[in-house]
Amino acid sequence: MMKFGGTSMAGMERIRNVAARVKHVVEQGNEVAVVVSAMAGDTDRLVGFCKEASPLYDPAEYDVVVASGEQVTSGLLAMTLKAMGVDARSWLGWQLPIRTNEAHAKARIGEIDTTDLLSSMRGGTVAVIPGFQGMMEDGRISTLGRGGSDTSAVAVAAALKADRCDIYTDVDGVYTTDPRIVARARKLDLVTYEEMLELASVGAKVLQTRSVGLAMKEGVVVQVLSSFDDPTQEDLPGTLIVSEEELEAKLKEDKMERQLITGIAHDKNEAKITLTRVPDRPGAVAHIFAPLADAAINVDMIIQNVGRDKGETDVTFTVPGADLARALDVLESQKEVIGFNRVIPDTKVAKVSVVGVGMKSHAGVASTMFQSLADRGINILAISTSEIKVSVLIDEDETELAVRVLHTAYGLDAPVA
């Protein structure tokens, strides 16, 4: 299975480069299926048309419009492959079909019928499949939400029982952090599903979160590579996303110790909300977060201050920046029920996270993070943790400094050449 993102499909020159890469893999004797995204920027353009047509657009017709971007690139790639002498055909979501639940613009894949697809591939035909789209029970087109082509690729790979799902992007693998911030960031050979899931959820843009979760559930080995390398390069230099057991076996084989921290991620798309003078009584917090949950607004970090003498407290939490306006609207509509005095939003914040399966068996990861930031005068506004992650909320202006400081503190810097 091969998947190419929007930057890889941005124009005919790049589509020809993708076709050359696919042809090389076919000539090595492989049966190949390819999932493609729309050309870079096309989905945004199509969404803009929908909003221009009607601010309260019909979600079903929205899916018809935005799914067309991938239809174009799948057809163009199939044409280009045929022109290069490679037998190929495109398969739209409804032709396989890729069946989804009844949720326009955010559908989830239920099952994929691969009977005809496998028959075609065994006959030597390359299957080119548009990502991001499927079909509901009523026969209408559905889309999987932004970044859904990664999920399409993993789902098709699982249905085909593919040896591997290679996801080609504009980067050549998963790095210890963003190389644009830390020049000495290192590319990782192996990352576990758990680590990649956490990295994706806290800001790493390499893979979409749902695709990683699906790969972990179905046991699909995923490789992240660059679509801009030499198409005929034999040694694929990407990053493999594998199970923890496979990582342990590889480390044992190479006689290497597990790295304590795998990577540092950051996300500036966070917003902080503080509710002042909330009644300090049982059930008060539930009145805040229940309506937010009902509105499908994800809450991350939560801090409740010590109750004041008057039986009141302040509650601070974070939501995705894109959901801030809706969150404020929900809270204002529930003001009498919650009983807060003021709501104070803050968008000038960022989340910085350290992730690593190695921290399961090592103490001191959080204290190293807190001390390193304190030494550079970086104030922590909120904290959240999981078994393999520690995240802090800081001032947005200090994001890059914090990432560099932590990258060095955990020994992730590559040696000076």
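In this text the structure is predicted, and so the values were computed from the model without any measurement.

### Some details on the side chain of Ser-149
Relative to the helices and strands, Ser-149 resides in helix α6 (residues 148–160). A polar contact of 3.4 Å, which involves the side chain of Ser-149, links it to the side chain of Ser-37. Ser-149 has contacts with Lys-3, Val-35, Val-36, Ser-37, Glu-70, Gly-131 and Phe-132, leaving out every residue within four places of it along the chain.

### Some remarks on the packing of helix α3 (residues 59–66) against helix α4 (residues 68–83)
The relative placement of two packed helices is expressed as an angle between their axes plus a distance between the axes. α4 packs onto α3 with a crossing angle of 25 degrees between their chain directions and a minimal axis gap of 5 Å. Our classification of the angle between α3 and α4 gives roughly parallel. For the pair α3 and α4, contact is made by Val-64, Val-65 and Val-66 and by Ser-68, Gly-69 and Glu-70, respectively. Taken together, the residues that form the contact of α3 with α4 break down as three nonpolar, two polar and one charged.

### Brief notes about the UniProt feature "binding site: substrate" (unreviewed entry) in the protein
In the numbering adopted here, UniProt assigns the feature "binding site: substrate" (unreviewed entry) to Thr-43 and Glu-70. Across 28 residues in sequence, these annotated residues keep their C-alpha atoms within 8.8 Å of one another, forming a single compact spot. Counting through the fold element by element, Thr-43 comes out in helix α2 (residues 42–53). Excluding residues that lie within four positions of it along the chain, Thr-43 makes contacts with Ala-38, Glu-70 and Arg-146. Setting aside anything within four residues of it in sequence, one finds Glu-70 in contact with Val-36, Ser-37, Ala-38, Thr-43, Pro-130, Gly-131, Phe-132 and Ser-149. Within the structure, the side chain of Glu-70 is placed 3.2 Å from the backbone nitrogen of Ala-38, a separation counted as a polar contact.

### Topic: the sheet that holds strand β1 (residues 2–4)
The eight strands are arranged β3-β6-β2-β1-β9-β11-β12-β10 in an open sheet whose pairing can be described as mixed. The open sheet is flanked by β3 (88–90) and β10 (190–192), the only strands paired with a single partner. Sheet twist, expressed as the average angle between the axes of neighbouring strands with direction ignored, equals 20 degrees. Where β3 lies against strand β6 (residues 126–130), three bridges are found, and the strand directions are parallel. Pairing of Ala-88 across the sheet is with Val-126, part of β6. Against the sheet, helix α1 (residues 12–27) touches β1, β2 (33–36), β6, β9 (165–169) and β11 (222–226), its axis set at about 175 degrees to β1.

Conventions and cut-offs
- Residues numbered from 1 in each chain as written.
- Predicted model: local features only at pLDDT ≥ 70, side-chain atom pairs only at ≥ 80, totals over all residues.
- Heavy atoms only, no water.
- Helix = DSSP H or I, 4+ residues; strand = E, 2+ residues; numbered from the N terminus.
- Polar contact = N/O pair within 3.5 Å; in protein donor to acceptor, adjacent residues only side chain to side chain.
- Contact = heavy atoms within 4.5 Å.
- Axes fitted to C-alpha atoms, helices over the stretch in contact; angles between N-to-C directions.
- Parallel < 35°, antiparallel > 145°, perpendicular 65-115°, else oblique.
- Nonpolar A, V, L, I, M, F, W, Y, C, P; charged D, E, K, R; others polar.
- UniProt positions renumbered as here; feature names shortened; annotations may be inferred.
- Pairing = 2+ DSSP bridges.

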